[in-house]
Amino acid sequence: MKIKNVLISQPKPAELEKSPYSEIIKKYCLNVDFHKFFKIEGLSSIDFRKENKVRLPDHTAVIFTSKHSVDNFFRLAAELRNDVPETMKYFCSSESTAYYLQKYIQYRKRKIFFSSQELHDLVDIIRKHKTEKYLFPCSAEHNNELSDMLDQHKISYSKAVMYRTVSEDMSFLDLAKYDLLVFFSPAGIRSLFRNFPEFKQGETAIGVFGQTTATAAREAGLSIMIEAPTPTAPSMAKAIEQFLSACSKIK
């Protein structure tokens, strides 16, 4: 399989030459386009009240699984005029999400916990603080993996939908010219078929990042050729490089 034109469903890096994709673009003479397939829209305070039966002040801890959940939690707290107490505890699914809290709070003065990228590690940390009243801000399109784990361990929490993903208009793209399409979330897969309902994969290679993205792709009938993260390819750029290297050895 010859890969020449690649579509990455993410915004173009601010400094492409310093990104992980720079090396493989040069090494394999690729033409790479970057286009995000969806956008995040936060719920208004009015819609939040309509869709959720929770009160932010009733909770002593918050579970964050993304920077979007952080942004929308603090945005809605301000719009609803709910002061976030200094005693609030924060449980984050990754170190980067935890450090992102510095945008809103004094990091060193708060109780912040974070795990590796594995959700079961996060749940293990949460289980050590079972007496907390947890709030779980999430997207309208979230999957139930984390909430199922919390239910399994009888953790008391409230789920609060604070934002939603909306497909961008990608009809200007000519998908036929791409040899490889790369997706990073189920929302990207949904947007693909909303924009191109007649899309047929054919010989187009599909790359996905994350288990939930892989599941969404397979449920949509797509055949995955590149998948990350793996022990040998923790990033999508590395996974693509390994795939291209393998292809170059096939004569």
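In case you missed it, the structure is sitting above this.
Quick summary incoming for the structure in this document. Worth saying up front: this structure is predicted, and the values here are computed from it rather than measured.

Brief notes about the sheet that holds strand S7 (residues 134-139)
Two pairing modes exist for strands in a sheet, parallel and antiparallel, and in both the strands are linked by backbone hydrogen bonds.
And step 1. The 6 strands are arranged S3-S8-S7-S4-S5-S6 in an open sheet whose pairing can be described as mixed. The open sheet has two edge strands, strand S3 (38-42) and strand S6 (111-114), and neither has a second partner. Neighbour-to-neighbour, the strand axes of the sheet open up by a mean angle of 25°, direction not taken into account.
And step 2. Of the strand pairs in this sheet, strand S4 (residues 61-64) and S7 are connected by 2 bridges, and their pairing is parallel. The residue bridging Val62 from the neighbouring strand is Leu135, located in S7.
And step 3. The strands that helix H6 (residues 145-152) touches are S4, S7 and strand S8 (157-167); relative to S8, the one it contacts most, it runs at about 170°.

Details of helix H5 (residues 119-127)
Every α-helix winds through 3.6 residues per turn, so residues three or four apart in the chain are directed the same way.
And step 1. Of the residues making up H5, those classed as buried are Leu119, Leu122, Val123, Ile125 and Ile126. In an axial view of H5, the angular spread of the buried residues amounts to 160°, which keeps them on one side of the axis.
And step 2. As for H5, its buried residues are in contact with S4, strand S5 (89-92), S6, S7 and H6.

Describing a negative patch on the surface
And step 1. On the surface, Glu118, Glu145, Asp148 and Asp151 cluster together into a negatively charged patch.
And step 2. With respect to the element layout, Asp148 can be found in helix H6.
And step 3. Assessed through its relative accessible area of 46%, Asp148 is described here as partly exposed.

What counts as what
Residues numbered from 1 in each chain as written. Predicted model: local features only at pLDDT ≥ 70, side-chain atom pairs only at ≥ 80, totals over all residues. Heavy atoms only, no water. Pairing = 2+ DSSP bridges. Helix = DSSP H or I, 4+ residues; strand = E, 2+ residues; numbered from the N terminus. Axes fitted to C-alpha atoms, helices over the stretch in contact; angles between N-to-C directions. Contact = heavy atoms within 4.5 Å. Buried < 20%, exposed > 50% of the residue type's maximum accessible area, 1.4 Å probe, protein only. Arc of directions from axis to C-beta. Patch = residues over 30% accessible without salt bridge, like charges linked within 9 Å, V, L, I, M, F, W, Y side chains within 5 Å. Areas by Shrake-Rupley, 256 points an atom, 1.4 Å probe, with all protein chains shown as cover. Salt bridge = Lys/Arg side-chain N within 4 Å of Asp/Glu carboxyl O. Lys, Arg positive; Asp, Glu negative; His and termini not counted. Charge placed at Lys NZ, Arg CZ, Asp CG, Glu CD.

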